[in-house]
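Now for the letters of each chain:
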Amino acid sequence: MRLSAFAPAKVNLFLHVGGPDAEGYHPISSLMVFADVGDAVMIQPSDAPAFETSGPFGAGVPAGDDNLVLRAARAFHARLGGPVPPYRLILDKRLPIAAGLGGGSSDAGAVLKLLRDALAPQFTDDDLEPLAASLGADGAACLRATALMAEGRGEILSPAPALPPLHAVLVNPGVPSPTGAVYRAYDGAVHPGGAERPFMPAELETAEEVAGWLAVATRNDLEAPAVALQPLIGEALDVLRDGPESLLVRMSGSGATCFALCAGDIEAEGLAERVEAIRPDWWVRRCRLS
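If you're wondering where the values come from, they're calculated on a predicted model, not measured in any experiment. (Residues numbered from 1 in each chain as written. Predicted model: local features only at pLDDT ≥ 70, side-chain atom pairs only at ≥ 80, totals over all residues. Heavy atoms only, no water.)

1. Describing a negative patch on the surface
Under the convention used in this document: Surface patches are defined over residues having more than 30% relative accessible area and no salt bridge, joining like charges when they lie within 9 Å and nonpolar side chains (Val, Leu, Ile, Met, Phe, Trp, Tyr) when within 5 Å. With residues, only the protein chains shown are counted as cover, and all accessible areas are computed by Shrake-Rupley using a 1.4 Å probe. Each salt bridge in this description consists of a side-chain nitrogen of Lys or Arg and a carboxyl oxygen of Asp or Glu lying within 4 Å of one another. Asp and Glu are treated as the negative residues and Lys and Arg as the positive ones, with His and the ends of the chain left uncounted. Charge placement uses NZ in Lys and CZ in Arg. For Asp and Glu, CG and CD serve respectively. Three labels apply to residues, based on accessible area from a 1.4 Å probe with only protein chains included: buried if under 20% of the type maximum, exposed if over 50%, partly exposed otherwise in between.
Together, E203, E205, E208, E209 and E267 give the surface a local cluster of negative charge. Residue E267 is classed as partly exposed on the basis of its relative accessible area, which comes to 32%.

And the structure:
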């Protein structure tokens with residue numbers, strides 16, 4: 001039982017948000033894609049249950065009930081029932097925390113798949129999806145980890161339009177952007193369009209077409225309140241927008257990570273190098289979204 005799984009970063013190409021319902025939840029409409037950068041989760045034999053973290057952001061992984069990896073493991077064992085063999089879970093945390101990249105949800109999805117492969121290969125992804133959904137709004141989407149539309153409270157999933165491979169640059173200015181605080185700030189000025197789904201083309205053939213459609217028909221409703229709370233997010237957006245390689249610049253999720261879509265890998269490499277030279281203290285990653 002020595003298995004590992006990749007937990008990709010989630011990027012919201014757009015995020016439309018409605019006002020809170022009677023239970024305080026916000027309906028959304030979002031096109032989510034996943035990057036070829038992310039965390040890794042490993043499971044190994046052990047004499048006693050253990051959880052460890054490594055990687056550049058490992059020290060910041062929360063403990064207790066805020067730890068989605070451990071919550072996912074508990075949910076899996078409750079579903080499986082019976083005795084649990086001891087094992088060690090290791091999270092190699094390479095994505096910034098509270099970054100709008102769905103890192104915790106993606107880690108949880110990877111853990112559910114690892115435990116399924118190790119202990120219950122008869123479980124399907126459909127068996128795991130309710131467990132992932134119970135862990136948060138991004139849970140089910142991050143378990144699937146493929147381009148999709150998320151609506152409702154994030155639990156209504158449907159196929160995305162046909163998209164080309166998208167080359168992008170991710171930038172995090174090193175400040176947390178807690179989801180709860182951003183949503184509370186957003187409640188003061190809810191967008192009149194709310195969570196309405198925009199016109200969705202069946203297929204987009206080039207990065208330029210994707211960027212043009214996103215710019216005209218979509219938005220991230222949480223971007224302005226997040227920038228108001230953390231002005232460094234606005235600075236990251238400005239630095240990306242100043243790059244001639246940027247086709248579209250936007251914040252992902254509730255922040256603080258921002259992204260720029262580029263025409264190709266060469267353009268993304270040039271933009272990433274420029275941002276790193278300007279702000280060497282920021283987290284910058286060139287990636288491919290799909």
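2. Some details on the side chain of S106
Condition: Strands are runs of DSSP state E lasting at least two residues, helices are runs of H or I lasting at least four, and both sets are numbered from the N terminus onward. Think of a polar contact as two N or O atoms within 3.5 Å of one another; within protein, one of them needs to be a possible hydrogen donor and the other a possible acceptor, and neighboring residues in sequence only count if both atoms come from side chains. The contact rule is simple, with two residues in contact once any of their heavy atoms fall within 4.5 Å.
Structurally, S106 is set in helix α2 (residues 103–119). Look at S106 and you get buried, because its relative accessible area is 1%. A distance of 2.8 Å separates a polar atom in the side chain of S106 from the backbone oxygen of P8. With residues up to four places along the chain from it excluded, the contact list for S106 reads A7, P8 and C142.

3. A short note on the pattern of salt bridges
If you walk through the whole model with that rule in mind, you get 18 salt bridges. For the salt bridge of E23 with R153, the shortest nitrogen-to-oxygen distance reads 2.9 Å. Taken together, the residues span a long stretch of sequence, with E23 in the loop between β1 (3–17) and β2 (28–45) and R153 in the loop between β5 (148–152) and β6 (156–159) at a distance of 130 residues. With relative accessibility at 58%, the residue E23 sits in the exposed group. Close ionic contact of R279 with D281 constitutes a salt bridge, the shortest N to O distance being 2.9 Å. Judged by its relative accessible area of 53%, D281 falls in the exposed class. Each of the salt bridges in this network shares a partner with another, and the network as a whole consists of D21, E23 and R153.

4. Observations concerning the pairing of β6
We apply this condition: For two strands to pair, DSSP has to find at least two bridges joining them.
Where β5 and β6 come together, 4 bridges link them in antiparallel fashion. Its bridge partner being in β6, L148 is matched across the sheet by P159. With antiparallel pairing between neighbouring strands as the criterion, β5 and β6 make up a hairpin whose turn holds 3 residues, including G154 at a positive phi of roughly 105°.

5. Re the packing of helix α1 (residues 68–80) against α2
Think of two packed helices as two axes; the pair is described by the angle between the axes and how far apart they sit. In plain terms, the rule: To define axes, lines are fitted to C-alpha atoms, for helices over the stretch in contact only, and angles between the resulting N-to-C directions are given on a 0 to 180 degree scale. Crossing chirality is assigned from the near helix's rotation relative to the far helix, an anticlockwise turn below a right angle marking it left-handed and a clockwise turn marking it right-handed. Residue classes follow a fixed rule: Ala, Val, Leu, Ile, Met, Phe, Trp, Tyr, Cys and Pro count as nonpolar, while Asp, Glu, Lys and Arg count as charged, and any other residue, Gly among them, counts as polar.
Where α1 meets α2, the closest approach of the two axes is 8 Å, and the angle between their N-to-C directions is 35°. Seen along the crossing, α1 lies across α2 with a hand that is right-handed. Along the contact surface, α1 presents L68, V69, A72, A73, F76, H77 and L80, while α2 presents G104, S105, D107, A108, V111, L112, L115, R116 and L119. Partitioned by chemical class, the residues of the contact of α1 with α2 number 11 nonpolar, 3 polar and 2 charged.

6. Focus on the packing of α1 against helix α3 (residues 125–133)
Put simply, the rule reads: The labels follow the angle: roughly parallel below 35 degrees, roughly antiparallel above 145, roughly perpendicular from 65 to 115, and oblique for the rest.
Two elements in contact, α1 and α3, have axes separated by 10 Å at closest approach and are oriented at 130°. The pairing of α1 with α3 is recorded here as oblique in orientation. The two elements α1 and α3 meet at a crossing, and its hand is right-handed. Touching A75, F76 and R79 of α1 are D127, L128 and L131, all from α3. Looking at the contact of α1 with α3, its residues break down into 4 nonpolar, no polar and 2 charged.

7. Some words on α3
Listed as buried for α3 are L128, E129, L131 and A132. Tucked inside the fold, the buried residues of α3 contact α1, α2, α4 (139–144) and β6.

8. Regarding α1
Selection rule: Multiplying one less than the number of residues by 1.5 Å gives the expected span of a helix.
Taking 1.5 Å as the rise per residue, α1 with 13 residues should run 18 Å; its terminal C-alpha atoms sit 18 Å apart, in good agreement. Within the span of α1, buried status applies to L68, V69, A72, A73, A75, F76 and H77. Of the surrounding elements, those touching the buried residues of α1 are β3 (50–54), β4 (87–92), α2 and α3. Looking one or two places after α1, you find G81, whose phi comes out positive at around 75°.

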